[in-house]
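Each chain, written out:
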Amino acid sequence: MPAVWYDPCMTQPADPAATRVIAIGASNLTRGFHMFVATARAAWGQDVEIVTAQGLGRSFCGASRVHFRSLPGILDCGLWERLDSMPRVPTRAVVTDIGNDVMFGYSPAQILSRADECVVRLQEHTPDITLTALPLVSIRSLSKSRYVLFRSILFPFSKMRLEQAVELAAEVDNALINLAFVRGVRLVIPRDEWYGIDPIHIRPGCWPAAWREILGCEPATRPASSLGEALRLYLMRPQRRWIFGHEQLTPQTGARLPAGGRIWMY
């Protein structure tokens, strides 16, 4: 199945002069963030600003914990205060990994309520918002044994059955389509070939094409990211987190990357 742009309300076209990108998500955004940054920089120049709330296992519905590290819920983090304090510039926003909360035990109604609030807040800063749908084809292709294996690795606390997970994911996905229609934002349906053995994480080899489609841009130059930049971005501290229960606060002043671009992380 090809990727599809779902734009029922014919919203304003993507701003080709965007100088700020708001990026909200969980593990897909975190794992491929260096390519996300490289793609945005290649499309909008070395002065591009990226304000992001992300993290492995990040939740829209509440605080989340992965091993010894905890993060506040996306709607409770400092990203929103930062956006309110920044000067207005051409901006676009991407919201991904919304289905993550299914495996945390939140109901579709709870997930969509938080996703809707996220979109409403973003619309105070830009009309150019993209949501990504769930990789339903990949999820539905799981066998029970493969599902249990990946559930044990990715969501070890969960005991949710495969049938229930698929049913809830489909319910969230249908609600996202309705949310896109009601709020007049774009919805990108992921390409089937972006996924391999792992049913929910985009394959690294597909990151360049995936982020290009999700961002809706055609970079003027080939996106380039060094190993050093990838490691720096992966290890970058967010404004607030807890390590073994101890709070860490890191002021966000817009870290400048040697290759261009500034990052604020929440």
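Quick summary incoming for the structure in this document. Note that the structure is predicted; figures quoted are calculated from it, not measured.

1. Thoughts on the overall build of the protein chain
- A tally of regular secondary structure across the protein chain gives 9 helices and 12 strands.
- Its C-alpha radius of gyration of 17 Å places the protein chain within 12% of the 18 Å reference for a compact globule of 266 residues.
- Taking the principal axes of its C-alpha atoms as reference, the protein chain extends roughly 45 × 45 × 35 Å.
- Relative to its 266 residues, the protein chain shows a buried fraction of 53%.
- Sequence separation of 24 or more characterises 77% of the internal contacts of the protein chain that already satisfy a separation of 6 or more.
- Split by element, the accessible area of the protein chain, about 12300 Å² in all, is 56% carbon and sulfur.
- Positive and negative charge centroids in the protein chain, built from 29 and 24 side chains respectively, lie 7 Å apart.

2. As for a nonpolar patch on the surface
- A cluster of nonpolar side chains, Leu227, Leu231, Tyr234 and Leu235, forms an exposed patch at the surface whose accessible area comes to about 470 Å².
- Here Leu231 is to be found in helix α9 (residues 227–235).

3. Digging into the pattern of salt bridges
- By the definition in use, this model includes 11 salt bridges.
- The residue Arg186 makes a salt bridge to Asp128 at a minimum N-O spacing of 2.9 Å. With Arg186 in strand β8 (residues 186–189) and Asp128 in the loop between α4 (108–122) and β7 (129–132), the pair connects residues that are 58 residues apart, well separated along the chain.
- Since its relative accessible area comes to 8%, Arg186 is described here as buried.

4. Digging into the nonpolar core
- Core analysis: the largest hydrophobic core is formed by 48 residues, its most contacted members being Ile24, Leu79, Trp80, Leu122, Leu131 and Leu176.
- Residue assignment for this core shows that the elements contributing at least two residues are β2 (20–24), β3 (49–53), α3 (79–85), β6 (91–95), α4, β7, α5 (136–140) and α7 (162–183).
- The biggest single contributor to this core is α7, with 10 residues.
- Excluding anything up to four places from it in sequence, Trp80 contacts Ile24, Ile74, Leu75, Cys118, Arg121 and Leu122.
- Membership of the second largest hydrophobic core comes to 30 residues, among which are Val37, Trp44, Ile50 and Cys206.

5. A few points about the packing of helix α2 (residues 33–44) against α9
- Close contact between α2 and α9 brings their axes to 8 Å; oriented N to C, the two are set at 115°. With respect to α9, the element α2 is oriented roughly perpendicular. In this structure, the crossing between α2 and α9 has a hand that is right-handed. On α9, the residues that touch Phe33, His34, Val37 and Arg41 of α2 are Glu229, Ala230 and Leu233.
- A class-by-class count of the residues in the contact of α2 with α9 yields 4 nonpolar, 1 polar and 2 charged.

6. Some thoughts on the pairing of strand β9 (residues 240–243)
- Where burial is concerned, the two faces of β9 differ: the one with Arg241 and Ile243 is buried and the one with Arg240 and Trp242 is not.
- In this structure, strand β5 (residues 69–71) lies alongside β9, joined through 2 bridges in antiparallel fashion. Along β9, the bridge assignment pairs Arg69 with Ile243.
- Inspection of the sheet shows β9 paired to strand β10 (residues 246–249) by 4 bridges, in the antiparallel sense. Bridge pairing in β10 places Ile243 opposite His246.

Cut-off values and rules
Residues numbered from 1 in each chain as written. Predicted model: local features only at pLDDT ≥ 70, side-chain atom pairs only at ≥ 80, totals over all residues. Heavy atoms only, no water. Helix = DSSP H or I, 4+ residues; strand = E, 2+ residues; numbered from the N terminus. Rg over C-alpha atoms; globule rule 2.2 N^0.38 Å. Buried < 20%, exposed > 50% of the residue type's maximum accessible area, 1.4 Å probe, protein only. Contact = heavy atoms within 4.5 Å. Areas by Shrake-Rupley, 256 points an atom, 1.4 Å probe, with all protein chains shown as cover. Lys, Arg positive; Asp, Glu negative; His and termini not counted. Charge placed at Lys NZ, Arg CZ, Asp CG, Glu CD. Patch = residues over 30% accessible without salt bridge, like charges linked within 9 Å, V, L, I, M, F, W, Y side chains within 5 Å. Salt bridge = Lys/Arg side-chain N within 4 Å of Asp/Glu carboxyl O. Core = buried A, V, L, I, M, F, W, Y, C linked by side-chain atoms within 4.5 Å. Axes fitted to C-alpha atoms, helices over the stretch in contact; angles between N-to-C directions. Parallel < 35°, antiparallel > 145°, perpendicular 65-115°, else oblique. Left-handed = near helix turned anticlockwise from the far one by under 90°. Nonpolar A, V, L, I, M, F, W, Y, C, P; charged D, E, K, R; others polar. Pairing = 2+ DSSP bridges.

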